Each structure stands twice: as structure tokens, then as C-alpha cells.
Amino acid sequence: MTAQALPNDLEPFWMPFTANRHFKKAPRLLAEAKDMHYSTPEGRKILDATAGLWCVNAGHGREKIVKAVQAQVAKLDFAPSFNVGHPIAFELAARLTSMVPGYSQVFYTNSGSESVDTALKIALAYQRAIGQGTRTRLIGRERGYHGVGFGGMSVGGMVANRKIWGPSMLNGVDHIRHTHDPEKNAFSKGQPEWGAHLADDLERLVALHDASTIAAVIVEPVAGSTGVLVPPKGYLQRLRQICDKHGILLIFDEVITGFGRLGASFATEYFGVKPDLFTTAKGISNATIPMGAVFCRKGIYDAFMNGPEGMIEVFHGYTYSAHPVAEEGLFERAAELSPYWQEAVHSMKGLPNVIDIRNLGLTAGIELSPRPNAPPTSRGMDAHLKAFEKGVMVRFSGETICMSPPLIISKGQIDQIVDTVTDVIKTIH
Ligand SMILES: Cc1ncc(COP(=O)(O)O)c(C=O)c1O
């Protein structure tokens, strides 16, 4: 007898990053989406304050994107990129690299996690290709999130994502300290003034391990999943200088910050700091198709192009690639809205249990104090649940309410989000 899936049986789907039993008792299902809203199966509208998972930057069901994806699937559903190619992948690579001066190649992936692992592998292979094969150590940062592959998990610094897999993670990885100190930078609007010197923590690791063992440092320019940690002014510039001094590659993980989130194409443009490699995913395809790309600065690719011409240069790649579409004018829109967004989210200062508010571009984190003797997501989860009941979707990371709406959001919708979250926070004890 063949087993049949029951339409209302929620058990077979082991949900990722979710409290499965809790969710399945009172599911929050999303059936449709258009522009700024999701709809539940019962037809209730939910304002999307998170752009899905920081990824639907151009808003939902964008007609141009839907049509392009439909047409492309009908025209060419799949073609491999191993030793053959299809024109659109080359066309897109040319368009992507033309968005950021100084970067000449992209390596395609299907997710942020794969972009991170790809960037780490390219960094290691590059050091070897230029005669620096002793540089095998990778450095991440505390509170970093770089996806869930073994590479990304190892350089990541969120304890819940690491502790179970302990010794199975990559060898030789170390971490610099994170940039958040609420005593010094709580309630900063945009970039905190204090903390550029925290980049010097890399010097501590150089002194401990020696630069000749270190291949690369990876950081999120703005740490997203740990609750929106904005880099102090001058921090990223200083990190770049220290990497240059020691021949260490700098990798930005731009899976969240890429494609307009900060009101610029990428964080590298926003901060004026050029990493050697930067990862992207999410907004690259507006999340319609799983896709990512690693951008490589001029010279990285060339270092691999020295052996016999008929040889595969780097034995790395994924079966799938995709057909994304870019929307115009949205980055500028995000930049224009950022000051309004900043003032709106900071209006929640002074509400009960709010111990910090952080923002940059169209991102914000509102941190609540933890409940005594409760799990460290207790108030954050309550906020997510109550906001959903009131028709607004926010995320939580620990006790931080995280928001990153689609870049098409209107001022009225920003007000709706802030009013709802304000009401919600008032009811959370
Ligand atoms: C900075 C960063 N890197 C990597 C990832 C992993 O991306 P994915 O879930 O597509 O594998 C994420 C996901 O949120 C992210 O925020």
C-alpha cells in the first residue's frame, strides 16, 4: 500500500529553525503574497516587516519578475554549467560585476550558506595559488551568522548554532570579538561612534597564530541574524587595513546587506570598504529562485589561470544555477526612506523592557530585556506571535525583534509596523 500524505498533517515536515511542537499546535501559515503583504489560508492579510527572511527586497509577486521566471523556465529549464554553459548566466555575471567597480568575476551558488562555503574555499585556494599555502586558518567573529554549512557554521559565532556540532567543525578556526557593547552604544541611530578599535582584536589573533597561518577573515558588514549589530564608525575600514598589513583576505558576507538593504547596491559601496570577496544570495533573485553569487575582486580569478589550459582550475561547483531579475530604483528608494525608518523605530525608546534599538538602512533590531528564569527567546517569541495576530510579521533573534521590510514599503506601512510593534511591546510583561 502506498502511503498518502494527509493535507492537514503537519508532522512530516521537519521545519528548519523552528520550535516544531509549538508551531504545529498553533500554525501560522502563509498561502499567498503580493507586494507588501502575505495572506493566510483564511484570507487574513499580514504586513511583511521582514521581506520574507530578509530576502524579498523588491516586494512580493512583482509582475516583471514573475513573468521573467515563468518565461525562462519555459525556454530553458536547466542547462549544466560544468564544461558547457548557457548565455544568460554569462550575461548576468557581466551585469552583476558591472554593479561594483573592482570586482571582475562571480561564482554562482544556490544559497547564502553555499556562498559562504564557496568564498572560504576560494580564499584558501587563492592563498595556495599565490604561494601562501601555509595560510590555512579562517577567522570569523563572535555573534556572526554565516549559514549552516560546516564552513559557515565554523566561522559563525552564534552558540546555539554551534554547540551541538562542537568538535566536528573545521579545525583551526578562531574568532575576533563582536562589536556590540550596550553600555557604550545602546540606542545609537545608525552607526555607533564608539568601537572602531574593536577591529584591533584581529591583531591579537595574528599575535597568537602568526599571520602566515591565516588565510581570511569573514564578517557580516552588519550582523543580521544575531539581532542587527551595526558596525561602529571606522571599524570596517580598520579591519581592511589590518588585513592588508598581514596579507589576510577580507570577506564580507553580504547575504543580507546586498541588493539595496542599506540603501546602496552593497555594503561595500555603502561603507566604502572593499573586501577581497563578498557573498550574496537572498535579494539577488528576490528569493523567487534559490540563488547566490560570490563576487571576486580583480586578480583573484587570474591567480588561478596559470596551469595547463585544458585543466579545470578549481574543483568546486554546484549543479544548479538560476535566472534572476534586478529591479531598478529600489536602492535609492531605500536610501530615501532610511531616515524616516530610523526615526520611526527609535520612537519605541522608553517602552517597557526595551533595552536597545539599532538600525541601518532598512533594518532594525529592538532588543528586549530577558525574562528572569525563562528561555532567552521568551519575550522575542511573544512579540513575533502577538504581532502576527495583529497582522504584522516580524522576526525574533533571541530577545531582539528584527525587521527588514521590502524596499517598496510606504511611509504609511512603516507607521503601521511601528504602531503594531509598539502596542505589542506594551502588552509583553
Ligand atoms: C549573513 C548570512 N550569511 C549566510 C546566510 C545563509 O543563507 P541561506 O539560508 O540562504 O543558506 C544567511 C541567512 O540568513 C545570512 O544572513
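Residues numbered from 1 in each chain as written. Predicted model: local features only at pLDDT ≥ 70, side-chain atom pairs only at ≥ 80, totals over all residues. Heavy atoms only, no water.

*Asks:* Quick one: what's the story with the overall build of the protein, residue by residue and with numbers?
*Replies:* Counting its regular elements, the protein contains 14 helices and 15 strands. For the protein, whose C-alpha radius of gyration is 22 Å, the value lies close to the compact-globule estimate of 22 Å for 429 residues. Each principal axis of the C-alpha distribution contributes one length, and for the protein these read about 65 × 55 × 50 Å. Residue pairs in contact within the protein that sit at least 24 positions apart in sequence constitute 71% of those at least 6 positions apart. Summed over all atoms, the accessible surface of the protein reaches about 20,100 Å², with 56% contributed by carbon and sulfur. (Helix = DSSP H or I, 4+ residues; strand = E, 2+ residues; numbered from the N terminus. Rg over C-alpha atoms; globule rule 2.2 N^0.38 Å. Contact = heavy atoms within 4.5 Å. Areas by Shrake-Rupley, 256 points an atom, 1.4 Å probe, with all protein chains shown as cover.)

*Asks:* How would you sum up the sheet that holds strand β5 (residues 137-141)? Please name residues and give values.
*Replies:* Taken in spatial order, the seven strands of this open sheet run β4-β10-β9-β8-β7-β5-β6, and their pairing is mixed. A strand with exactly one partner marks an edge of an open sheet, and here the two such strands are β4 (103-109) and β6 (174-176). For this sheet, the mean angle separating the axes of adjacent strands, direction not counted, is 25°. Here strand β8 (residues 249-253) runs beside strand β9 (residues 277-280); their pairing, made up of three bridges, is parallel. Residue pairing for β9: D253 is matched across the bridge by T279. Sitting on the sheet, helix α4 (residues 87-99) is in contact with β4 and β10 (292-297), with an inclination near 130° to β4. Where helix α10 (residues 235-246) meets the sheet, its contacts fall on β5, β6, β7 (214-219) and β8, and the angle it forms with β8 comes to roughly 150°. (Pairing = 2+ DSSP bridges. Axes fitted to C-alpha atoms, helices over the stretch in contact; angles between N-to-C directions.)

*Asks:* Describe in detail the site of the ligand, supporting the description with residues and values.
*Replies:* With respect to spatial proximity, the complete set of residues near the ligand consists of S111, G112, S113, Y145, H146, G147, E220, S225, D253, V255, I256 and K282. Between the ligand and the protein, one listed contact pairs an oxygen atom with a backbone N or O atom of G112 at 2.8 Å. Note that an oxygen atom of the ligand is positioned 3.0 Å from one of the side-chain N or O atoms of K282. Among the residues forming the shell around the ligand, the class breakdown is three nonpolar, six polar and three charged. (Near = heavy atom within 4 Å. Polar contact = N/O pair within 3.5 Å; in protein donor to acceptor, adjacent residues only side chain to side chain. Nonpolar A, V, L, I, M, F, W, Y, C, P; charged D, E, K, R; others polar.)

*Asks:* Report on the side chain of H316, specifying residues and quantitative values.
*Replies:* In this structure, H316 sits in the loop between β10 and α12 (330-346). Taking the relative accessible area as the measure of exposure, H316 reaches 18% and is therefore buried. In this structure the side chain of H316 is engaged in a polar contact, spanning 3.0 Å, whose partner is the side chain of K121. Those residues in contact with H316 that lie beyond four places of it in its chain are F107, T118 and K121. (Buried < 20%, exposed > 50% of the residue type's maximum accessible area, 1.4 Å probe, protein only.)

*Asks:* Give a detailed account of the packing of α12 against helix α14 (residues 411-427), specifying residues and quantitative values.
*Replies:* It is the contact of α12 with α14, at a shortest axis distance of 10 Å, that shows an interaxial angle of 20°. With respect to α14, the element α12 is oriented roughly parallel. Every pair of crossing elements has a handedness; the one defined by α12 and α14 is right-handed. Contact residues: L337, Y340, W341, A344 and V345 in α12; K411, I414, D415 and V418 in α14. (Parallel < 35°, antiparallel > 145°, perpendicular 65-115°, else oblique. Left-handed = near helix turned anticlockwise from the far one by under 90°.)

*Asks:* Just give me the short version of the domain arrangement of the protein, but keep the residues and values in it.
*Replies:* Here the protein is partitioned into domain 1 (20-62 + 331-427) and domain 2 (75-304). Distance between the C-alpha centres of domain 1 and domain 2: 26 Å. Listed by partner, the interface residues are 35 residues for domain 1 and 33 residues for domain 2. Across the domain 1/domain 2 interface, buried area totals approximately 2,600 Å², and carbon plus sulfur atoms make up 58% of it. When the buried surface of domain 1 facing domain 2 is broken down by residue, W54, F331 and L360 rank first, second and third, together holding 29% of it. The closest approach of N and O atoms between E343 and K189, which form a salt bridge, is 3.0 Å. Across the contact surface, domain 1 and domain 2 share 19 residue pairs in polar contact (both at pLDDT 80 or more). Among the secondary structure elements, those contributing two or more residues to the side of domain 1 that touches domain 2 are α2 (51-54), α12, β11 (354-360), β12 (363-368) and β15 (400-403). It is β11 that provides the largest number of residues to the side of domain 1 that touches domain 2, a total of seven residues. Across the side of domain 1 that touches domain 2, the residue classes tally to 19 nonpolar, 11 polar and five charged. (Domains from an automatic or database assignment. Buried area = accessible area lost by both parts, 1.4 Å probe. Salt bridge = Lys/Arg side-chain N within 4 Å of Asp/Glu carboxyl O.)

*Asks:* Can you tell me about unusual backbone geometry, naming the residues and giving the values?
*Replies:* A negative phi holds for most residues other than glycine; trans holds for most peptide bonds. With a phi close to 60°, F187 is a non-glycine residue in the positive phi region. Considering the arrangement of structural elements, one finds F187 in the loop between α8 (182-185) and α9 (201-209). Here F259, not a glycine, exhibits a phi torsion of approximately 60°, which is positive. Its place among the elements puts F259 in the loop between β8 and α11 (267-271).

*Asks:* Which residues make up the pattern of salt bridges, and what values go with them?
*Replies:* Between side chains of opposite charge, a pair can form when the charged atoms approach closely. Using the criterion set out here, one finds 12 salt bridges in the structure. Note that K67 and E63 form a salt bridge whose closest N and O atoms lie 2.7 Å from each other. Of this pair, K67 and E63 both sit in helix α3 (residues 63-75), four residues apart, roughly one helical turn. The partner of E367 in a salt bridge is R358, with the nearest N and O atoms 2.8 Å apart. In this pair, the class of E367 matches that of R358, namely buried. One continuous salt-bridge network, built from bridges that share partners, spans R240, D244, D276 and R297.

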